[in-house]
Amino acid sequence: MNKIRYLIVRWTDVRLEPRDIPKLRGFFAHKYPSLPLFHNHLPDEGYDYKAPRIQYRVIERHPALVAFGEGIELVKQAFLEVDELVINGRAITSNEREISLREADFGQCAAYHHYNFSSPWMALNKDNYRIYRDLDNFQRKQLLKRILKSNLKTISKGFEYTIPNLDDIHTDGWFQPLKVNYHNQPMQCFTGEFTTNFLIPDHLGLGGKVSRGFGVVKMKKEERSV
């Protein structure tokens, strides 16, 4: 197990819906075009495929940024500078912001923990969607469990954490298919919950498009420390 640090900034007097997350990301990409961590596009190399160090959220209906690694100092800068958000062409003045630097346990552990996806999990890409489509229900669940395990490996790389024994990571889950319109294309996503012997801090994301608010994970309430 490891300790990780991450930062959450919320504009607590502004209310948005989850569908506004792409517009929130667009606002910050436009405001900080020379800082690739806000939009994951590198000037000469195209898209940055590393785990996004700045991720966009709507937490309790408030716009939020979640940052780790190099993204922490940049989001601190945004906390100090951004007192107006422009969403859907509408300027929204904010006088109340909240910043929280957190340290949490992260990684492989002995105990099993239960999590919910609080936003749709984009588990499938084009290749494994073709595989998923041709499987029966039992096989689909096995595939999703393997993908979830792979997602844990990917997020670990983002935090520069090496899983001690990947073969000893186990996942189980209850997943419901959900069609999501993404960039005017229907995408097969999933809602539901899962169990694994891996600690994941609240508000981090698994799977595809996590910077845009997909795959956000929260530990089930009965498991949280009081």
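Remember, predicted model here, so these are calculated numbers, not experimental data. (Residues numbered from 1 in each chain as written. Predicted model: local features only at pLDDT ≥ 70, side-chain atom pairs only at ≥ 80, totals over all residues. Heavy atoms only, no water.)

Where helix 3 (residues 126–133) meets helix 4 (residues 137–158), the closest approach of the two axes is 9 Å, and the angle between their N-to-C directions is 155°. Taken together, the axis directions place helix 3 and helix 4 in an arrangement best described as roughly antiparallel. The interaxial crossing formed by helix 3 with helix 4 has right-handed handedness. Contacts between helix 3 and helix 4 involve N128, I131, Y132 and R133 on the former and, on the latter, R140, L143, L144 and I147. For the contact of helix 3 with helix 4, the per-class residue count stands at 5 nonpolar, 1 polar and 2 charged. (Axes fitted to C-alpha atoms, helices over the stretch in contact; angles between N-to-C directions. Helix = DSSP H or I, 4+ residues; strand = E, 2+ residues; numbered from the N terminus. Parallel < 35°, antiparallel > 145°, perpendicular 65-115°, else oblique. Left-handed = near helix turned anticlockwise from the far one by under 90°. Contact = heavy atoms within 4.5 Å. Nonpolar A, V, L, I, M, F, W, Y, C, P; charged D, E, K, R; others polar.)

A separate point is the nonpolar core. Counting residues in hydrophobic clusters, the biggest one holds 36 residues, and the most contacted among them are W121, L144, F194, I200 and L206. Counting residues per element, the ones that place at least two in this core are strand 1 (2–11), strand 5 (62–68), strand 8 (97–117), helix 4, strand 10 (185–199) and strand 11 (217–219). Here the element with the most residues in this core is helix 4; it accounts for 6 residues. Every residue in contact with L206, bar those within four places of it in the chain, is listed here: F117, W121, L148, N151, L152, I155, F194, I200, F214, G215 and V217. Counting residues in each nonpolar core, the second largest holds 26 residues, with F27, F38, V75 and A78 among its members. (Core = buried A, V, L, I, M, F, W, Y, C linked by side-chain atoms within 4.5 Å. Buried < 20%, exposed > 50% of the residue type's maximum accessible area, 1.4 Å probe, protein only.)

Going residue by residue along strand 6 (residues 84–87), you find L85 and I87 tucked away on one face and E84 and V86 left uncovered on the opposite face. As defined by bridge partners, strand 6 adjoins strand 7 (residues 90–93) across 4 bridges and the pair is classed as antiparallel. When the bridges of strand 7 are listed, V86 appears paired with A91. Here strand 6 hands over to strand 7 after 2 residues, with N88 in that stretch at a positive phi of 55°. (Pairing = 2+ DSSP bridges.)

Mapped onto the secondary structure, F68 falls in strand 5. Using a relative accessible area of 3% as the deciding quantity, one classes F68 as buried. Leaving out residues up to four positions away in the same chain, F68 has contacts with R5, Y6, A51, P52, R53, Q55, G158 and F159.

Before going further, it helps to examine the side chain of K220. Tracing the backbone through its elements, the reader meets K220 in the segment after strand 11. Classification of K220 by relative accessible area gives buried; the value is 19%. A polar contact is formed between the side chain of K220 and the side chain of E193, at a distance of 3.2 Å. Contact partners of K220, with chain neighbours within four places excluded, come to H114, Y115, N116 and E193. (Polar contact = N/O pair within 3.5 Å; in protein donor to acceptor, adjacent residues only side chain to side chain.)

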